[in-house]
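Given next are the chains, with one letter for each unit.
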Amino acid sequence: MQDIIHLLPDAIANQIAAGEVVQRPASVVKELLENSIDAESSKIQLIVSDAGKNLIQVVDDGKGMSETDARMSFERHATSKIRTSQDLFNIRTMGFRGEALASIAAVARVELKTKTESKELGTSILIEASEVKHQSPDTMNKGTSIAVKNLFFNVPARRNFLKSNPVEMRHIIDEFQRVALANPQVSMHLTQNDKEIYNAPGGKLSQRIVHLFGKNYQSQMIACHEETEWLKITGYIGKPEHAKKTRGEQFFFVNNRFIKSGYLNHAVQGAFEGLIKDDQHPFYALYLEMDPARIDINVHPTKTEIKFEDERSVYGIIKSAVKQALGTHNVTPSLDFHT
Ligand code: ADP
Ligand code: MG
């Protein structure tokens, strides 16, 4: 029998990988914003039109890329963030898998403009379905702008599967808020269809929360702080009387990365026991810092699920930290379950 196995061309391999990384417009937003953070930007602008179905653009003032790097950034497994397998145990950047730009460019039309501090001219690249259509030197400011157009134009099933604009926009805002909360020192701006949604200058975390969620949060937050030998927790919890019926405003960050964890959420919910009803959910933005070797963030391409070396201890420390914050604030139970 003849041999029948062959390597797939890059464009197809990228398109397959894109299925995991790029689920919807919000996935693109997440990847681009995180790249801008990794590039040490102090100002990031997100521009979307039609909930990202027509345009998702991120403009930053970060360190930019050289001409060669600009082209390389679209290759699969191409990254400036890790080199050795050892580096996987000490990740301090948002990215490291080197597959976001390759994946996005496989299922959209991408216009990249980027310039480093030291160069007079920057680089413009137009790439569509993994194919470079145009590349030239160009005048621009230091930093990077990436515009993603016609998302999923070559994956009709994905394009048709997209939800209504309000639903897709909600996902985009969720991603924006997560990055904005993780990086309060960075000035962050969001416009949709030329309308300004957020304009948050860089500053303190408490100010960022107020910018994102409203002025009344000022008086509704309690600071939370706990430090053990290997785990540091900071951030804010909402006062029990302001708990809501929806879960939207609950955020965990581990080494500045937003993560989803039903288990750790349960720890916070448990600390509020007796102070809120079972169907109410308190606001929280809690920041955990620990040695990166104690966690594995490489569980899923989107990196929002992570594995802790000792999840039960983390649970216990969070619960006691939140309890203590609630206690020091002297809250009296606002609900009486016995009457
Ligand atoms: P990763 O972030 O995992 O390294 P990406 O595909 O997201 O992979 O990006 C590839 C590379 O392109 C990055 O490692 C980085 O060097 C470069 N890059 C991407 N976006 C930016 C940006 N906004 N500013 C500077 N460099 C960037
Ligand atoms: Mg990245």
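Procedures and definitions
Residues numbered from 1 in each chain as written. Chains lettered and ligands numbered in written order. Predicted model: local features only at pLDDT ≥ 70, side-chain atom pairs only at ≥ 80, totals over all residues. Near = placed C-beta within 6 Å. Helix = DSSP H or I, 4+ residues; strand = E, 2+ residues; numbered from the N terminus. Nonpolar A, V, L, I, M, F, W, Y, C, P; charged D, E, K, R; others polar. Pairing = 2+ DSSP bridges. Axes fitted to C-alpha atoms, helices over the stretch in contact; angles between N-to-C directions. Contact = placed C-beta atoms within 7 Å. Domains from an automatic or database assignment. Buried ≥ 20, exposed ≤ 12 C-beta atoms within 10 Å, placed from the backbone.

Participant: Mind showing me how you'd approach the site of ligand 1 here?
Facilitator: What surrounds ligand 1 is a group of 23 residues, the closest being Asn35, Ala39, Ser73, Thr79 and Gly95. Those elements that place two or more of their residues in the shell around ligand 1 are helix 2 (25–38) and helix 4 (100–106). Among the residues making up the shell around ligand 1, the classes are represented as seven nonpolar, ten polar and six charged.

Participant: Any chance you could explain the sheet that holds strand 10 (residues 232–238) here in plain terms?
Facilitator: Sheets are built from strands that pair by backbone hydrogen bonding, the pairs being arranged parallel or antiparallel. With mixed pairing, five strands are arranged side by side in an open sheet as 9-10-13-11-12. Looking at which strands have only one partner, the edges of the open sheet turn out to be strand 9 (221–227) and strand 12 (257–259). Taking each pair of neighbouring strands and ignoring which way they run, the sheet shows an average axis angle of 20°. As defined by bridge partners, strand 10 adjoins strand 13 (residues 284–289) across six bridges and the pair is classed as antiparallel. Looking across to strand 13, one finds that Tyr236 is bridged to Ala285. Against the sheet, helix 9 (residues 311–328) makes contact with strand 9, strand 10 and strand 13, and its axis sits at roughly 135° relative to strand 9, the strand it touches most.

Participant: I would appreciate a short explanation of the environment of Ala243 in the present structure.
Facilitator: Here Ala243 lies in the loop between strand 10 and strand 11 (250–254). Sequence-wise, Ala243 and His266 are 23 residues apart; in three dimensions their C-alpha atoms are separated by 15 Å. In contact with Ala243, other than residues within four places in its own chain, are Gly238, Ile276, Gln280, His281 and Pro282.

Participant: What's the story with the domain arrangement of the protein chain in this structure? I'm lost.
Facilitator: Think of interface size as the accessible area that goes away when the parts come together; that is how it is often given. With domains assigned, the protein chain is organised as domain 1 (10–200) and domain 2 (220–328). Distance between the C-alpha centres of domain 1 and domain 2: 28 Å. Facing the twelve residues of domain 1 at the interface are eleven residues of domain 2. Among the secondary structure elements, those contributing two or more residues to the side of domain 1 that touches domain 2 are helix 1 (10–21) and helix 6 (165–182). Here the element with the most residues in the side of domain 1 that touches domain 2 is helix 6; it accounts for three residues. Class assignment for the residues of the side of domain 1 that touches domain 2 results in seven nonpolar, one polar and four charged.

Participant: What is the right way to read helix 8 (residues 262–271) from this model?
Facilitator: Owing to its 3.6 residues per turn, the α-helix brings residues three or four apart onto one side. Listing the buried residues of helix 8 in full gives Leu264, Ala267, Val268, Gln269 and Ala271. Those residues of helix 8 that are buried are in contact with strand 11, strand 13 and helix 9.

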